[in-house]
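A closer look at the structure
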Amino acid sequence: MNLKYNENLLLLLFIFFFVVSWFLLPDYALNTVCLSFCNGLVILGLLLLMRLGLVSFGHGMYYCLGGYAVAMSYNFLNIKEALFLILISITVGFLISFALGFFVRRFRGIFFAMLNLALSMILFGIIVKSISLGSTDGFGIKEVYYFGQIIEGEKRLNIYSYSFIIILSGIMMSFVMKYLKSSSGKMLDAIKENEIRSAYLGIAVNRHIHKAYIFSGTLAALGGGLMVLLVGHITPEDTAYWTKSGEFVFVAILSGSLNVFAPLFGALFFEFIRSYALFYFPNTWQMIIGIILIIGIIYLPEGIGSIFKKRRN
Amino acid sequence: MLLDVKRLCKKFGSVSAAKDIDFSMAKNEVIGVIGSNGAGKTTFCNMITGYTKADSGQIFFNGKEITNLNVQEIKNIGIHRSFQIPQVFENLGVLENLIITDLVSNNNQNSFLEDAYTEKNFIKAINLLKKFSLESFKDKLVKELPQGARKVLDIIIAIIGKPEIILLDEPTSGISTNEKIVVMETIIKAIKKLNIAVIFIEHDMEIVEKFANRVVAFYNGQILGDGRPEEILKQKDVVKYIVGSSHA
């Protein structure tokens, strides 16, 4: 382990690169970058669970909750400031994951994964059957203020929304980085490695799983909230349905859990590949994605993040 | 007395693994527990460390009854153990194993603000390895260690948190005959410096004779002999049922 290896500096460069990209990339690419960052936050949340050896097939639920929190606050409470809307989505994600965490933390392996999927499908069912929640049509939002600033008549993707998403994602990445380096974060490695041994050592296994679950759910809700700010619309099928959760797991596996950059790179890689595959192979794009996952599993079994893995001396 | 065991009994079905065991231990003693397979040695250690609940009897530690405490509570009051098969985090590094254990024993497992792998923590872990002559393995993953080193690491992990008693379940099993004495010498020397009392289960009588200052011999769930090694290892019943005539 190299103590001098500075991940914080790398993160700053990473964020700086993407902020500057606003002036360099075409509009369609910027839009894909932003959407990748929104999804990347969910995958960042899944990374925390993967560090525990757990996978959630239902994180679309938190993505959906965060998105609906923003859309409903906008439409019902007339809140138009992006920062407040995002704070609401974070709070909703935090509270729901805190409450559900008491239940799911008792399960492991496939039971944990499927339980989350079941919860996600329950949410999907509730929204689809509720006219007041927009049913299958969901909600739309119009202009949003970013720290009091708005560009009238401009596209939803503008310098404010772009930098808001990138910088907020960067802040979350730094929080996750800090968490994984902390004493609390290192307990995740021990629990993944040998839960019984961890419990004997005195590690509060369930409490650590709960904490990681809350952090993970909150990140996913934030991703959903930012997605609504970017896209301006949310439906249950695009968020809480099992295929969306499956997509997050797909990208999480592709990314690996070695570092906080991997989920963002994984999400970027996936979104761009999907865009191009859809464009060039509209009828067989799923096959292209499948082949890429197979190649990834064979050549990068620890995920995209392993490209940057430091060699152990 | 540091540890006091009174009329401890344990049955597994019709088999008695412990029959009215009375035992006591003073501070800084190094006790070798011997006995053939199924004699009740490991059950005895499991009952002291809370892994197995006794059917009847009492266990006192520093005058306080601990019979009904669970594994974690017993560990917290100062009775630690190592295992016959080392229980370490195989895919983590040697230093990582030590640092994580140290963080937990110092009640520091919930901190979000402090980094775990600081230079200070690394130095502390390396110093611990030095005490057990294991510093050459500091950059290895545990799964890369030879069996002897893995055993010693398990014991180092067990002494983190400064217990008053440590129970070592066959500390030299799986280690080559040549290495046994060296490994045991290193372990006992380091543990003695820390003023920790030791109970070790061992099948190798040479090791018991050399390192124990008291021997407890088990047979059929009962204590057959308890005393100085030179006396117990020559006791008629002990020779007949446990040691074998060649050693005596």
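Predicted model only: the values in this text are computed from it and were never measured. (Residues numbered from 1 in each chain as written. Chains lettered and ligands numbered in written order. Predicted model: local features only at pLDDT ≥ 70, side-chain atom pairs only at ≥ 80, totals over all residues. Heavy atoms only, no water.)

Attention shifts here to helix α1 (residues 7-20) of chain A. Residues and elements named next belong to chain A. For α1, spanning 14 residues, the distance from its first C-alpha to its last is 20 Å, which sits close to the expected 20 Å at 1.5 Å a residue. All of the buried residues in α1 are E7, L11, F14, I15 and F18. Looking straight down α1, one finds its buried side chains confined to an arc of 90°; they lie on one side. Looking at α1, the residues exposed on the side facing more than 90 degrees away from the buried face are L9, L12, L13, F16 and F17. Along its buried surface, α1 packs onto α2 (27-50), α6 (159-181) and α11 (261-280). Capping the start of α1 is the job of one residue whose side-chain oxygen sits 3.1 Å from the backbone nitrogen of N8: N6. (Helix = DSSP H or I, 4+ residues; strand = E, 2+ residues; numbered from the N terminus. Expected span 1.5 Å × (residues − 1). Buried < 20%, exposed > 50% of the residue type's maximum accessible area, 1.4 Å probe, protein only. Arc of directions from axis to C-beta. Contact = heavy atoms within 4.5 Å. Polar contact = N/O pair within 3.5 Å; in protein donor to acceptor, adjacent residues only side chain to side chain.)

What follows is about the interface of chain A and chain B. Each partner contributes residues to the interface: chain A has 27 residues there, and chain B has 34 residues. In total, chain A and chain B occlude about 2800 Å² of area from one another, counting both sides; carbon and sulfur atoms represent 58% of this. Linking chain A to chain B there are two salt bridges. Ionic pairing is found between D154(B) and R197(A), a salt bridge with its closest N-O pair at 3.8 Å. For the pair chain A and chain B, the number of links is 17 residue pairs in polar contact (both at pLDDT 80 or more). Where the side of chain A that touches chain B is concerned, the elements lending two or more residues are α6, α7 (183-193), α8 (195-201) and α9 (205-231) of chain A. A per-element tally of the side of chain A that touches chain B places α7(A) first, with seven residues. Residues belonging to the side of chain A that touches chain B are distributed by class as follows: ten nonpolar, eight polar and nine charged. (Buried area = accessible area lost by both parts, 1.4 Å probe. Salt bridge = Lys/Arg side-chain N within 4 Å of Asp/Glu carboxyl O. Nonpolar A, V, L, I, M, F, W, Y, C, P; charged D, E, K, R; others polar.)

Strand pairing in a sheet is mediated by backbone hydrogen bonds. Such pairs are either parallel or antiparallel. Residues and elements named next belong to chain B. Taken in spatial order, the six strands of this open sheet run β6-β7-β8-β3-β9-β10, and their pairing is mixed. Where the open sheet ends on each side, the last strands, each with one partner, are β6 (79-82) and β10 (222-227). Taking the axes of each pair of neighbouring strands and ignoring which way they run, one obtains an average angle of 20° across the sheet. With five bridges connecting them, strand β7 (residues 165-169) and strand β8 (residues 197-201) associate as parallel partners. The residue of β8 that forms the bridge with D169 is I201. (Pairing = 2+ DSSP bridges. Axes fitted to C-alpha atoms, helices over the stretch in contact; angles between N-to-C directions.)

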